[in-house]
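Structural description and commentary
Residue-level listing of the chains:
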Amino acid sequence: MKLIPNNRILNDLFFNFPTQSIFHALICGLFTVSGLLPQLAVAKSPVQGTAEPKSTSTTTSEGCSNDTRLNNKVSYWASNFVLASTWVSKPNLGLENLVTSIGPYVFAFLNRSSWPNISERAKQARVPILMYHDIIAKKQVFFDVTPEELEQHFQSLKENGITPISLDQLMTHLQTGMPLPEKPVVLTFDDGYGGHYEYVYPLLKKYAYPAVFSIYTNGVGNNAGRTHVSWEQLKEMAADPLVTIASHSVTHPPDLTVLPPEQIQKEVVESKAILEGNLGIPIRYFTYPAGKYNEQVAGLVQAAGYDLALTMNDVDERFAGGSESLLAVSRFGQSRLKDIIAQAWGGPQLPSWQIGFNFTSPVQRTDITIDKIPLILVSGGKPITIHADSRYTVKEILAKSNTNAVAAVDGGFFSLKFLNSNVMIGPVFSQVTKQFIPGYIGDNQKLAGRPLVLISPDEVRFVPFDPLNHNTLEGIQAEMPEVTDAFVAAAWLVKDGQPQQASTFNGLFGFDAPRYRAFWGINQNKQATIGVSLESVDSISLGVALVKAGLQDVVMVDSGQSTSLVYQGESLVRYEPRPVPHAVALLGSASTTNTPACVFVENKTKNRGT
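Basis of the calculations
Residues numbered from 1 in each chain as written. Predicted model: local features only at pLDDT ≥ 70, side-chain atom pairs only at ≥ 80, totals over all residues. Heavy atoms only, no water. Helix = DSSP H or I, 4+ residues; strand = E, 2+ residues; numbered from the N terminus. Polar contact = N/O pair within 3.5 Å; in protein donor to acceptor, adjacent residues only side chain to side chain. Pairing = 2+ DSSP bridges. Contact = heavy atoms within 4.5 Å. Axes fitted to C-alpha atoms, helices over the stretch in contact; angles between N-to-C directions. Phe/Tyr/Trp six-rings, centres within 6.5 Å; stacked < 30°, edge-to-face > 60°. Lys NZ or Arg CZ within 6 Å of the ring centre and 35° of its normal. Salt bridge = Lys/Arg side-chain N within 4 Å of Asp/Glu carboxyl O. Core = buried A, V, L, I, M, F, W, Y, C linked by side-chain atoms within 4.5 Å. Buried < 20%, exposed > 50% of the residue type's maximum accessible area, 1.4 Å probe, protein only.

1. What about the side chain of Ser-401?
Positionally, Ser-401 belongs in helix H13 (residues 394–401). For Ser-401, the side chain forms a polar contact with the main-chain oxygen of Leu-398, separated by 2.9 Å.

2. Overview of the sheet that holds strand S23 (residues 565–567)
An order of S11-S25-S12-S23-S24 is seen for the five strands of this open sheet, with the pairing classed as antiparallel. Edge positions in the open sheet fall to strand S11 (382–392) and strand S24 (570–571), since each of these has one partner strand only. In the sheet, strand S12 (residues 405–410) pairs with strand S25 (residues 580–587) via five bridges, with the strands oriented antiparallel. In the strand pairing of S25, Ala-407 is matched with Leu-586. Along the sheet, H13 contacts S11, S12, S23, S24 and S25; its crossing angle with S11, the most-contacted strand, is approximately 105 degrees.

3. Describing the packing of aromatic side chains
Two numbers describe a pair of aromatic rings. These are the distance of the centres and the angle of the planes. Inspection of every chain in the model, using the stated rule, returns 16 aromatic pairs. Joined through ring pairs, the aromatic side chains of Phe-286, Tyr-288, Tyr-293 and Tyr-306 make up one cluster. The side chain of Arg-112 reaches across the aromatic face of Phe-109, ending 4.7 Å from its centre. One cation-aromatic arrangement involves Lys-272 over Tyr-306; the distance from NZ or CZ to the ring centre is 5.8 Å.

4. Thoughts on the environment of His-387
Along the chain, His-387 falls in strand S11. Along the backbone, His-387 and Ser-430 are 43 residues apart, and their C-alpha atoms lie at a distance of 6.0 Å. Here His-387 is in contact with Asn-422, Met-424, Val-428, Ser-430, Thr-433, Ile-437, Pro-581 and His-582, once residues within four sequence places are set aside.

5. Some details on the sheet that holds strand S19 (residues 498–499)
Across the sheet, seven strands lie side by side as S9-S10-S21-S20-S22-S18-S19; this open sheet has antiparallel pairing. Of all the strands in the sheet, the pair left with one neighbour each is strand S9 (364–370) and S19. As judged from the five bridges shared by strand S20 (residues 517–523) and strand S21 (residues 528–533), these two strands associate in the antiparallel manner. Along S21, the bridge assignment pairs Trp-520 with Ile-530.

6. Some points on the pattern of salt bridges
With the rule as written, the count across this model stands at 16 salt bridges. Notably, a salt bridge pairs Arg-284 with Asp-168, separated by 2.8 Å at the nearest N-O pair. Of this pair, Arg-284 sits in the loop between helix H10 (261–279) and strand S6 (285–287) while Asp-168 sits in helix H7 (residues 167–176), placing them 116 residues apart in sequence. A salt bridge links Lys-272 to Glu-276; the shortest N-O distance between them is 2.8 Å. Taken together, the residues span about one helical turn, with Lys-272 and Glu-276 both in helix H10 at a distance of four residues.

7. A short note on the nonpolar core
Phe-154, Leu-187, Phe-189, Phe-213 and Ile-245 are the most contacted members of the largest nonpolar core, which has 71 residues in total. A per-element tally of this core places helix H8 (residues 194–207) first, with five residues. For Phe-154, the contacting residues outside a window of four places in its chain are Leu-187, Phe-189, Leu-203, Leu-204, Tyr-207 and Tyr-209.

Here you go:
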């Protein structure tokens, strides 16, 4: 494949940027993808001989690299189809929107993990691969499945919002971290049984579900004992875009690891050649018989030219992203269907290249467990704060606010002196009350350097609190002229995409103790995000988990039994939270708020505890 257009002027204009330039990477990617658009009309192209050769380059060099095929063990068609489909679905995009829309995909593709490593972003997702064997009218062994049971499985996937994906899509995801559908699954069927053609293939077409069929070549057309697919049936299936054919060896030995190297090589090389010769398609994937492999077997699979290998382990079943590498991608037995579909998740969105903040996207909830920390994140919409006239549960604050907020989390720290007090620690400004209330001077000195949260109609900033300059409306307007909301948070959990170390908490009481914690910030897609930990966690571990969840800047707003999160009118924490006077809320995109038309300034002189 050549860069299109291959023009000296364009090379001079765009390809002489420094190698590390993101814009350089984007332009290289755009032109590479533009050359693919005419070729993507056909989802599968028969080939003669072996699959597309693989580049050994893993980074972008000057001039987009001398090898512009960009096929470093990545899903050749699927990767580029993701990029191209994003582009061609919006033909009237300007340059800014074009960069915003496909820039993250191009950048992820060009910066994919070196083969056979799995992307760190893909490790956060939970993509189950289901493994089936024979589909037969009358069961003979415990792992047989009847056609009726299989259709019940497919119907269950549909009812639970699960989206079966192809192995090509999974391959791309595992190397780039590109997000998959919200609840993905990969369906695989081993050994090439006759029931795969008779029962499975018709159901795939009925439900439009893609699947992988792992074929050992000596079994094709061999009906001694159980029936197997014929070459004619296999050709019909292989021609269907829903079907991916993987090699499963020549003879299906029970354990490849005990064979001599020359026999292993024969099993993995000849099976590939036989399948490609008979079906006229590249065979890019291998499935270890009985899931058994070792370093030697995996090395010979790699040398044979496979891009990915599937395995299994009854005592160590994992989601795809938790696999050791692309040469040992884990699967679940089909009996685990009900357990794993409830956990399926396609992974975090790619970091946004949006120029400004995104306060118009829908408000959406995500339940996720990272590093064994269960979290609920609610992202999207427009952020505001609500300063109530007393203390209430967050659910009650939303009900009384008349803001039509979709979600809210308990906000900044408040004085504990009186149970009905709404006095905050530090200055507070809420567009709901349209009042700026300065902080008590005795408290302010102790808050120096903590994050001051500033919100405007189109921006959020987190700046170190300065007791001398940030305790007046004029002072915070000097930082953000259009400010509508302000308060002082407890501490940064994530700053500029980096989790914060213990030294940055400046002795904050209990920061290193396990506690329920509430937080809010901005994710990598420039969306406002609020959330809570459903179990006790220290601040440092929480920051690490939030970075993995795709958060760019996050501050802790509260902890302990005050921690509360409300979404669509329902409390999401597992206990009855304490009443609080302050909340950070997210308005849906249809909601509107007004900037303060007039501002009342109230002086606080009452002495309070901190």
